[in-house]
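Summary of the model geometry
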Amino acid sequence: MYTALAAMVNFPEVQKKIQEEIQRVVGKDRLPGLEDRNKMPYSRAVELELYRYYTPIGAAGPRNTTQDCSYKGYSIPKGTKVIYNVWRVHHDESFWENPFTFDPTRFLDDNGDLLPPEDEKRQRLLTFGVGKRSCIGEKLARVRIFLGLTSILQNFDLAS
Ligand code: HEM
């Protein structure tokens, strides 16, 4: 949440677009709710870009290999602890266009709709880990960040 608020100060044009979406979908007479989420693709794209650009947990795991395996010529024996580099995946220049630019529209299609969860870009977001031991609090965290950020921006302009 702190990072999201700082990002709004750093990227005022993004803040303004979220506020326009809040105005259009929610208005001023009530706070944003979960029922608004599906109608606010830009705000949700900002949330995804926050996870990618800032990558709150840069290295996740560890995992133990359950069998001998090899990766890019390296032999990894069974029982080795492996840590995966989330920051690198989120800033891989061979996949992301301008990975060091904060650009929420990378998660929107040509119609301005949010890319579906199965889209490769969303599949490459590892903010909450992967597999059976991925973050159990992901849904709670994501909902809180959406509601917190939109409720604040509905009522305040953030500036340094
Ligand atoms: C933005 C907020 C959060 C981020 C970025 C985050 C990220 C992560 C990551 C990367 C992991 C390790 C996943 C892996 O090893 O593959 C993890 C595990 C975990 N997280 Fe979160 N988390 C967040 C919020 C929360 C919240 C709100 C809760 C609880 C209410 C929570 C509870 C847990 C638990 C219990 C695990 C261990 C799961 C397991 O080992 O099976 N997290 N989280």
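Heads up: these notes are all about the structure in this document. These numbers come from a predicted model, not from an experiment. (Residues numbered from 1 in each chain as written. Predicted model: local features only at pLDDT ≥ 70, side-chain atom pairs only at ≥ 80, totals over all residues. Heavy atoms only, no water.)

Secondary structure assignment for the protein chain yields six helices and four strands. Going from the N terminus to the C terminus, the protein chain shows its helices and strands as α-α-α-β-β-β-β-α-α-α. In terms of overall dimensions, the protein chain has a C-alpha envelope of 60 × 30 × 30 Å along the principal axes. Residues counted as buried form 39% of the 160 residues belonging to the protein chain. The contacts in the protein chain between residues at least 6 apart in sequence include a share of 64% that link residues at least 24 apart. A total of about 10200 Å² of accessible surface is found on the protein chain, and carbon and sulfur atoms cover 53% of it. Within the protein chain, one finds 23 positive and 21 negative side-chain charges whose respective centroids are separated by 8 Å. (Helix = DSSP H or I, 4+ residues; strand = E, 2+ residues; numbered from the N terminus. Buried < 20%, exposed > 50% of the residue type's maximum accessible area, 1.4 Å probe, protein only. Contact = heavy atoms within 4.5 Å. Areas by Shrake-Rupley, 256 points an atom, 1.4 Å probe, with all protein chains shown as cover. Lys, Arg positive; Asp, Glu negative; His and termini not counted. Charge placed at Lys NZ, Arg CZ, Asp CG, Glu CD.)

Our focus in this paragraph is the coordination of the iron atom of the ligand. With respect to protein ligation, the iron atom of the ligand binds only Cys135 (SG), at 2.2 Å. Among the secondary structure elements, cysteine 135 is positioned in the loop between α5 (120-123) and α6 (138-155). (Donors = N, O, S within 2.8 Å, 3.2 Å for Na, K, Ca; no water.)

This part takes up the nonpolar core. Residues Met8, Val14, Ile18, Val46 and Phe107 are the most contacted members of the largest nonpolar core, which totals 28 residues. Sorting the residues of this core by element identifies α1 (2-10), α2 (12-25), α3 (41-54) and α6 as the ones contributing at least two each. Valine 46 has contacts with Met8, Val14, Ile18, Phe102 and Pro104, leaving out every residue within four places of it along the chain. (Core = buried A, V, L, I, M, F, W, Y, C linked by side-chain atoms within 4.5 Å.)

Below, the discussion takes up the site of the ligand. Surrounding the ligand, one finds 16 residues, the nearest of these being Arg63, Tyr84, Arg133, Cys135 and Ile136. One nitrogen or oxygen atom from the side chain of arginine 63 is found 2.6 Å from an oxygen atom belonging to the ligand. Between the ligand and tyrosine 84, the relevant distance is 2.6 Å, taken from an oxygen atom to a side-chain nitrogen or oxygen of the residue. Mapped onto the shell around the ligand, the elements with two or more residues apiece are β1 (59-64) and α6. Classifying every residue of the shell around the ligand gives nine nonpolar, five polar and two charged. (Near = heavy atom within 4 Å. Polar contact = N/O pair within 3.5 Å; in protein donor to acceptor, adjacent residues only side chain to side chain. Nonpolar A, V, L, I, M, F, W, Y, C, P; charged D, E, K, R; others polar.)

Moving on, we come to the pattern of salt bridges. A pair can form between side chains of opposite charge whenever their charged atoms are brought close. Overall, the coordinates contain eleven salt bridges when judged by the stated rule. Across the salt bridge formed by aspartate 36 and arginine 30, the nearest N and O atoms sit 2.9 Å from each other. On the basis of relative accessibility, which here comes to 0%, the residue aspartate 36 falls in the buried class. Arginine 30 gets classed as partly exposed once you look at its relative accessible area, which sits at 34%. Across the pair glutamate 47 and arginine 142 runs a salt bridge, and its minimum N-O distance is 2.9 Å. With glutamate 47 in helix α3 and arginine 142 in helix α6, this pair connects stretches of sequence that are 95 residues apart. This pair shows no difference in class: glutamate 47 is buried, exactly as arginine 142 is. (Salt bridge = Lys/Arg side-chain N within 4 Å of Asp/Glu carboxyl O.)

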